[in-house]
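Chain residues, written in single-letter form:
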Amino acid sequence: MQRADRWWRAEWFVLLGLAAAATAAAQPPRQPADSAANPSLETFDFAWQRIADTFWDEDMAGVDWHAVRDELRPLARDAGGADELRPVLRDMLSRLGQSHFGVLPGPGSAASREGSPAGSGAGGGALHVCTPALARAVAGGGGSPLSDAGPGFDFRFLDSAAVVTRVEPGSAAERAGLAAGLEVVRVGDQDLAPLARCLGLESADGPVAATLRSRVVEGLLYGRAGEPVTVEFADRDGSRRLLELERHHRPDAVEIAFGNLPPVRYRFESEVVETPAGRVLAVRFNVWMLPVVQAFGAALYGDPPAGTAPFDGVLIDLRGNPGGVGGTAIGVAGYLLDEPAELGRMVNRGSDFRFRVTPRRSSSGGRRLTPFAGPVAVLVDGGSASTSEIFAAGLQDHGRARIFGQPTMAAALPSVIERMPNGDLLMRAVADFVRPNGERVEGRPIAPDSPHPLTREGLAAGRDEPREAALAWIVSELDGTAPPAASPGESGAEGRGESSAGGRGESGAEG
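Parameters at a glance
- Residues numbered from 1 in each chain as written.
- Predicted model: local features only at pLDDT ≥ 70, side-chain atom pairs only at ≥ 80, totals over all residues.
- Heavy atoms only, no water.
- Pairing = 2+ DSSP bridges.
- Helix = DSSP H or I, 4+ residues; strand = E, 2+ residues; numbered from the N terminus.
- Axes fitted to C-alpha atoms, helices over the stretch in contact; angles between N-to-C directions.
- Phe/Tyr/Trp six-rings, centres within 6.5 Å; stacked < 30°, edge-to-face > 60°.
- Buried < 20%, exposed > 50% of the residue type's maximum accessible area, 1.4 Å probe, protein only.
- Lys NZ or Arg CZ within 6 Å of the ring centre and 35° of its normal.
- pLDDT = per-residue confidence, 0-100.
- Contact = heavy atoms within 4.5 Å.
- Core = buried A, V, L, I, M, F, W, Y, C linked by side-chain atoms within 4.5 Å.
- Expected span 1.5 Å × (residues − 1).
- Parallel < 35°, antiparallel > 145°, perpendicular 65-115°, else oblique.
- Left-handed = near helix turned anticlockwise from the far one by under 90°.
- Nonpolar A, V, L, I, M, F, W, Y, C, P; charged D, E, K, R; others polar.

Engineer: If you had to explain the sheet that holds strand 21 (residues 432–434) to someone new, which residues and values would you point to?
Structural biologist: As summarised here, the arrangement of the 3 strands in space is 16-15-21, forming an open sheet in which the pairing is antiparallel. Taken across any chain shown, the strands that pair with only one partner, and hence form the sheet edges, are strand 16 (351–357) and strand 21. On average, adjacent strands in this sheet sit at an angle of 20° to one another, irrespective of strand direction.

Engineer: How would you explain the pairing of strand 9 (residues 240–246) if you had to name every residue and give the values?
Structural biologist: Direction of pairing for strand 8 (residues 228–234) relative to strand 9: antiparallel, over a ladder of 7 bridges. Within strand 9, the residue paired with Pro228 across the bridge is Glu246. Between strand 8 and strand 9, which pair antiparallel in sequence order, lie 5 residues; one of them, Gly238, sits at a positive phi of approximately 95°.

Engineer: For the packing of aromatic side chains, give the residues involved together with the corresponding values.
Structural biologist: According to the stated counting rule, one finds 14 aromatic pairs in the structure shown. Ring centres of Phe153 and Phe233 lie 5.5 Å apart, and the angle between their planes is 70°; this geometry places the pair in the edge-to-face category. One end of the pair, Phe153, is in strand 4 (residues 153–158); the other, Phe233, is in strand 8, and 80 residues separate them in sequence. Summarising the aromatic geometry, the rings of Phe355 and Phe433 are spaced 5.5 Å apart at their centres and angled 75° between planes, so their arrangement reads as edge-to-face. Placement of the pair is Phe355 in strand 16 and Phe433 in strand 21, with a sequence separation of 78 residues. The class for Phe355 is buried, based on a relative accessible area of 1%. For Phe433, a relative accessible area of 0% corresponds to the buried category. Directly above the aromatic system of Trp48 lies the positively charged group of Arg69, at a separation of 4.4 Å from the ring centroid. The lysine or arginine in question, Arg213, covers the ring of Phe157, its NZ or CZ lying 4.0 Å from the ring centre.

Engineer: Now, about the confidence of the model for the chain: what can you tell me, with residues and values included?
Structural biologist: On average, residues of the chain carry a pLDDT of 82, and 80% of them reach 70 or more. A low-confidence stretch, residues 486–511 (pLDDT under 50), is modelled with 65 contacts involving residues beyond four sequence positions or located in other chains.

Engineer: Could you give an account of the nonpolar core, with specific residues and numbers?
Structural biologist: Ranked by internal contacts, the top residues of the largest apolar core, which has 51 residues, are Phe296, Leu300, Ile316, Val378 and Phe391. Tallying contributions element by element places helix 10 (residues 291–301) first for this core, with 6 residues. Setting aside residues no more than four positions away along its own chain, Val378 makes contact with Ile316, Leu318, Phe391, Ala392, Ala401, Arg402, Ile403 and Phe404. Counting residues in each nonpolar core, the second largest holds 35 residues, with Cys130, Leu221, Leu243 and Ile417 among its members.

Engineer: Tell me what's going on with helix 4 (residues 65–78), and back it up with residues and numbers.
Structural biologist: The terminal C-alpha atoms of helix 4 lie 20 Å apart, and with 14 residues this matches the ideal 20 Å at 1.5 Å per residue to within 8%. For helix 4, the complete set of buried residues consists of Trp65, Val68, Leu72, Arg73 and Ala76. Residues of helix 4 that are buried sit in contact with helix 3 (39–54) and helix 5 (82–94).

Engineer: Describe the packing of helix 3 against helix 5, and please don't skip the residues or the numbers.
Structural biologist: The interhelical angle for the contact between helix 3 and helix 5, taken along N-to-C directions, is 15°, at an axis separation of 11 Å. One element, helix 3, and the other, helix 5, form an angle in the roughly parallel class. Note on packing geometry: the crossing formed by helix 3 with helix 5 is right-handed. Where helix 3 abuts helix 5, its residues Ser40, Thr43, Phe44, Ala47, Trp48 and Ile51 lie against Leu85, Val88, Leu89, Met92 and Leu93. Its residues assigned to classes, the contact of helix 3 with helix 5 comprises 9 nonpolar, 2 polar and no charged.

Engineer: Run through helix 14 (residues 465–479), naming residues and quoting values.
Structural biologist: Because each turn of an α-helix spans 3.6 residues, side chains separated by three or four positions end up pointing in the same direction. Here helix 14 contains 15 residues, and its C-alpha end-to-end distance of 21 Å stays within 8% of the 21 Å for a straight helix at 1.5 Å per residue. Residues Pro466, Ala469, Ala470, Leu471, Trp473, Ile474, Val475, Ser476 and Glu477 constitute the buried set of helix 14. Residues of helix 14 that are buried in the fold lie against strand 12 (268–275), strand 13 (278–285), strand 14 (313–317), strand 17 (376–380) and strand 18 (402–405). Directly beyond the C-terminal end of helix 14, a positive phi value near 80° is found at Gly480.

Engineer: I'd like to hear about the sheet that holds strand 13, residue by residue, with values.
Structural biologist: Sheet strands line up and pair through hydrogen bonds in the backbone, either parallel or antiparallel. Within the open sheet, the 6 strands sit side by side as 12-13-14-17-18-22. Their pairing is mixed. Each end of this open sheet is capped by a strand with a single partner; those strands are strand 12 and strand 22 (450–451). As paired strands, strand 12 and strand 13 are joined by 8 bridges and run antiparallel to one another. Note that in strand 13 the partner of Glu271 across the bridge is Ala282. Sitting on the sheet, helix 14 touches strand 12, strand 13, strand 14, strand 17 and strand 18, and the angle it makes with strand 17 is about 170°.

Engineer: Any chance you could break down unusual backbone geometry for me, citing the residues and the numbers?
Structural biologist: Here Asp303 and Pro304 are connected by a cis peptide whose omega angle stands at 5°. Tracing the chain through its elements places Pro304 in the loop between helix 10 and strand 14. Despite not being glycine, Ala61 has its phi angle at roughly 55°, a positive value. By secondary structure assignment, the location of Ala61 is in the loop between helix 3 and helix 4. A positive phi angle is found at Ser386, which is not glycine, with a value near 55°. Looking at where Ser386 falls in the secondary structure, it is placed in the loop between strand 17 and helix 12 (387–397).

Following this line, the structure appears as structure tokens:
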């Protein structure tokens with residue numbers, strides 16, 4: 001598998017649908033005879049045929065795809081180069097009315113060429129804002145937090161700023177005094193301020209732009225263990241600090257392979273939070289891999305397991321979790337649901353897979369278990385995608401969990417980015433996912449029941465405000481001080497109401 005495929009597919013994959021995506025990517029699309037003599041026409045035909053072969057709906061969502069080709073192909077034939085062809089391709093993709101379909105400038109294009117000046121550096125020379133390192137990251141040559149060594153801190157984009165959200169204990173970043181709340185303004189020789197312009201994202205839709213921007217910065221930050229990365233940070237008062245940090249693997253990460261996918265480094269963390277109303281189990285993990293199910297069960301019931309969980313509430317932190325093996329969401333949900341249910345269904349061309357959950361009533365060793373019945377809170381943000389969205393949406397629709405944080409990535413499906421004949425990149429989704437309430441997930445972020453964004457002020461003060469809000473809600477559920485549920489349309493949850501996530505025995509499957 002090529003590096004470009006590795007970087008993107010390692011981030012977004014679900015158990016079903018990935019094989020279809022890989023198969024489609026491996027088969028070159030059919031090209032008309034007149035394509036080879038015209039690079040723009042060859043690229044147009046490549047994109048049109050690829051989507052015709054892999055779009056999940058054989059009826060192309062009601063769009064006459066052949067008529068679109070007949071209308072736009074002459075414009076592609078007359079395009080003078082990639083810059084003139086991109087608007088034609090984007091017009092073609094827009095006819096589908098879908099999110100996560102886009103055209104991105106390839107390395108070497110005018111949008112990503114080295115030498116685009118944006119001002120002066122400290123020495124008075126031109127500051128090159130679109131660097132070769134950025135071009136490599138866009139093409140998949142950068143690192144990934146799921147497989148490569150990191151700088152010792154996590155970040156999230158808060159508005160347009162890449163802000164440090166967590167510093168790894170014991171890391172070189174912590175020893176250097178790095179603190180949450182600082183803004184990452186430069187990685188190596190790449191200034192982050194003009195990132196959207198460098199990537200040609202001014203006309204890309206919101207989810208595509210946000211996703212690519214975050215992934216490219218990760219590609220710049222992550223790399224080989226032992227290699228240094230130079231990062232410049234800014235405080236809110238404008239003062240700057242330059243640090244050289246040695247990339248390293250987290251000591252608690254375990255390398256795991258699944259099928260033909262490249263190995264990822266999996267981490268699972270659990271914490272017992274003592275509150276005035278009872279004990280809360282808080283867990284977080286960086287990717288949905290098979291060990292998650294066993295690790296969650298061991299954290300919830302103990303090892304060896306007790307028949308009943310010794311906790312009063314559960315907090316599952318899925319912020320920054322890009323997804324993974326879809327079947328693991330079914331396994332974890334089985335510990336939390338007392339009735340059979342569905343987390344939703346994935347629709348691919350010729351297939352319809354339902355994520356059916358069976359309550360977990362026994363351990364792997366045969367000991368009888370009682371599914372957990374207390375309040376469950378789930379934390380999400382713009383880095384939560386794929387299986388994380390499937391899990392959160394399913395529990396939300398069944399009234400079994402209350403969702404806190406920020407809207408998710410809206411990328412629940414296997415997504416593929418591949419190079420086209422002219423060097424530009426085609427981004428496309430190859431399946432559709434429908435949540436239990438009948439709504440699609442792709443392109444539609446999971447809206448938290450209780451929106452609580454991270455803030456630079458809170459991070460600088462050592463606070464995790466979304467997590468605090470989730471724990472406070474669990475306490476209110478346990479001690480009976482939670483307000484009554486609001487009627488649909490009276491809350492900020494887009495008509496879902498302020499339903500309690502206690503969900504004790506009320507999580508039956510919806511038709």
